[in-house]
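Secondary and tertiary structure notes
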Amino acid sequence: MDLTILTHAIPLTAIICLVYTASRFELPERILRSAAVMFGKTIGFLGAMYLLLLYLSR
Amino acid sequence: MRDPRIPLKSSLVAGLLAFLFPGAGHWYQGRRFKATIYSVGIMTLFVWGMILGNWQPVYSELVYRGRADTAQLEFNHPQLKMSFGYAAQFLVGAPALPSLVQDFRFRNATGKQEILDSEINSDFSGIIESRGDDGELRKELVAGRIVIIPAVADQPFAGTLTVVDKDGIETEYEVESNLRLGRAIFGSPRREIRCDLVDKAADETGSDASLQGTIPRSFQDWFQAPRDTHELDQLHGDLNRRFDIASVFTWIAGLLNLLAIWDAADGPAYAYGDEKPEKEEEEED
């Protein structure tokens, strides 16, 4: 399986998190902190789903 | 409620600027940090999508083709269908607006048969169909150079086609008749060309052949212009999943800019950001 296509998801997620949280708050520190938390949760969820699907497909 | 600490200035102007270019509305309001996040983030995503999709994921209209292989060679009024993806891409603003200009140019040129009004002198690639001495139809994949000059003496055009085969041997054909050019404005970097040919090196009776090929189309005539399913099939064939990812990136860029437009016009959705979390407030009480 071609995994390089999945690497696009990481910077894509980072941009979505940053822009989304920027539209929720005004203070830079709050934006960056919330974006980092959201990024971690999203990547964690995507990674878990990937591992689950990988396990089920074996 | 709007926070008085946020300098929204004119909401209408800020919203309009935010639509025209990601981050421009916030720059106008002096909210430079957010302007940078929006412009860099959204434009990175949009340009990244464009690069992944060979600069072709953005188009406002899909052209239905009739009986021809490609809608490029049909000059009737084709059925057009709006691209749903463009509804999202449109929100990026100026970077996706050329598509509307190309749509206008495409519709304006509809119904007019392409005529040769200037010289064609370019590389080409395509297939030459010819009948051998045994009468059997042969198809050969070729590339070379084509030169066609409009209106020579009483002839509507004159031209030559030079083909170089893999051994480096040149064969020259005369462009004889039935010249057909694809639409000038169309969402494909290659413009279709069809014509009948005569092999110059053949005996007096000549050897009839025909060309089904393409020549390069100028950037301003294909960028973000309407295209047909034939062109999309070719893009999917060449780029595979990359074209789908490219399209999704440009859609997401547009949808993210909707958040930026909203923020420029009405401020952040939740709060300023220095409020204490609810738990801390309860403890203090």
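Everything below is about the structure shown above.
Below, the structure is looked at part by part. (Residues numbered from 1 in each chain as written. Chains lettered and ligands numbered in written order. Predicted model: local features only at pLDDT ≥ 70, side-chain atom pairs only at ≥ 80, totals over all residues. Heavy atoms only, no water.)

**Examining the pairing of strand β7 (residues 190-199) of chain B**
Side-chain direction in a regular strand flips from residue to residue, so the side chains alternate between the two faces of the sheet. Residue and element names in this part refer to chain B. Judged by how many residues are buried, β7 sits mostly within the fold: eight of 10 residues are covered. By the bridge criterion, six bridges tie strand β6 (residues 170-181) to β7 in an arrangement that is antiparallel. When the sheet's bridge partners are listed, E174 is paired in β7 with V198. Bridge analysis of β7 against strand β8 (residues 208-216) gives nine bridges, and the strand direction is antiparallel. Bridge pairing in β8 places R194 opposite Q212. (Buried < 20%, exposed > 50% of the residue type's maximum accessible area, 1.4 Å probe, protein only. Helix = DSSP H or I, 4+ residues; strand = E, 2+ residues; numbered from the N terminus. Pairing = 2+ DSSP bridges.)

**Some remarks on the environment of S99 of chain B**
Residues and elements named next belong to chain B. One can find S99 in helix α5 (residues 98-109). Residues S99 and A225 lie 126 residues apart in sequence; the distance between their C-alpha atoms is 5.8 Å. Each residue touching S99, except ones within four places of it in the same chain, is listed here: V58, Y59, S60, Y86 and Q224. (Contact = heavy atoms within 4.5 Å.)

**Regarding the interface of chain A and chain B**
Contacts between chain A and chain B engage 20 residues on the former and 27 residues on the latter. For the pairing of chain A and chain B, the buried interface totals around 2200 Å² over both sides, and the portion due to carbon and sulfur atoms is 75%. Contact with chain B buries surface across chain A, with V19, R24 and E26 of chain A losing the most and accounting together for 29% of the total. Our enumeration of links across chain A and chain B arrives at two salt bridges. Where R31 of chain B meets E26 of chain A, a salt bridge forms, and the shortest distance between an N and an O atom there is 2.8 Å. At the boundary of chain A with chain B, the tally comes to nine residue pairs in polar contact (both at pLDDT 80 or more). For the side of chain A that touches chain B, the element with the highest residue contribution is helix α1 (residues 9-22) of chain A, accounting for eight residues. For the side of chain A that touches chain B, the per-class residue count stands at 14 nonpolar, two polar and four charged. (Buried area = accessible area lost by both parts, 1.4 Å probe. Salt bridge = Lys/Arg side-chain N within 4 Å of Asp/Glu carboxyl O. Polar contact = N/O pair within 3.5 Å; in protein donor to acceptor, adjacent residues only side chain to side chain. Nonpolar A, V, L, I, M, F, W, Y, C, P; charged D, E, K, R; others polar.)

**What to know about the sheet that holds strand β9 (residues 227-228) of chain B**
All names here are of chain B. An order of β2-β1-β9 is seen for the three strands of this open sheet, with the pairing classed as mixed. In the strand order of this sheet, the two ends are held by β2 (80-82) and β9, each with one partner. With two bridges connecting them, strand β1 (residues 61-63) and β9 associate as parallel partners. Along β9, the bridge assignment pairs V63 with D228.

**Digging into the pattern of salt bridges**
As enumerated under the stated definition, the model contains 11 salt bridges over all chains in all. The closest approach of N and O atoms between E26 of chain A and K34 of chain B, which form a salt bridge, is 3.1 Å. Separated into two different chains, E26 of chain A in the loop between α1 and α2 (28-56) and K34 of chain B in helix α3 (residues 32-52) make up a pair that spans both. Note on accessibility: E26 of chain A and K34 of chain B belong to one class, buried. The closest approach of N and O atoms between E192 of chain B and R194 of chain B, which form a salt bridge, is 2.7 Å. Take R194 of chain B: its relative accessible area is 12%, and that puts it in the buried class. One connected set of salt bridges, linked through shared partners, spans E26 of chain A together with R31, K34 and D263 of chain B.

**Quick look at the sheet that holds strand β4 (residues 137-152) of chain B**
One closed barrel accounts for six strands, arranged β3-β4-β5-β6-β7-β8 (chain B); its pairing is antiparallel. Ignoring which end each strand starts from, the neighbouring axes of this sheet average 40 degrees apart. (Axes fitted to C-alpha atoms, helices over the stretch in contact; angles between N-to-C directions.)

**Some details on the nonpolar core**
Membership of the largest hydrophobic core comes to 28 residues, with the highest contact counts inside it found for V19 of chain A together with I42, L45, F46 and L256 of chain B. Listing elements by their share of this core, those giving two or more residues are α1 of chain A together with α3 and α8 (241-266) of chain B. In terms of residue count, α3 of chain B provides more of this core than any other element does, eight residues in total. Look past the residues within four positions of I42 of chain B in its chain and what remains in contact with it is V19 of chain A together with P22, I37, A253, L256, N257 and A260 of chain B. Membership of the second largest hydrophobic core comes to 20 residues, among which are V142, F157, L161 and L197 of chain B. (Core = buried A, V, L, I, M, F, W, Y, C linked by side-chain atoms within 4.5 Å.)

**What to know about the packing of aromatic side chains**
Under the definition given, this model contains eight aromatic pairs over all chains. Arranged with centres 6.1 Å apart and planes meeting at 55 degrees, the rings of Y86 of chain B and F90 of chain B form a pair that is tilted. By relative accessible area, which is 3% here, Y86 of chain B ends up buried. For the pair F219 of chain B and F223 of chain B, a centre-to-centre distance of 4.7 Å together with 20 degrees between the ring planes defines the contact as stacked. For the cation-ring pair, R24 of chain A lies above Y270 of chain B, with the distance from its terminal atom to the ring centre recorded as 5.3 Å. Its guanidinium or amino end placed over the ring of Y28 of chain B, K9 of chain B lies 5.0 Å from that ring's centre, counting from NZ or CZ. (Phe/Tyr/Trp six-rings, centres within 6.5 Å; stacked < 30°, edge-to-face > 60°. Lys NZ or Arg CZ within 6 Å of the ring centre and 35° of its normal.)

**Here's the deal with α5 of chain B**
Since there are 3.6 residues in each turn of an α-helix, residues three or four apart along the chain are aligned in direction. Residue and element names in this part refer to chain B. Its 12 residues place the ends of α5 17 Å apart at the C-alpha level, agreeing with the 16 Å of an ideal helix rising 1.5 Å per residue. Of the positions making up α5, those classed as buried are S99, Q102, D103 and F106. Buried positions in α5, seen along its axis, are confined to an arc of 105 degrees and lie on one side of it. Structurally, α5 contributes buried residues whose contacts are with β1, β2, α4 (84-89) and α6 (219-222). (Expected span 1.5 Å × (residues − 1). Arc of directions from axis to C-beta.)

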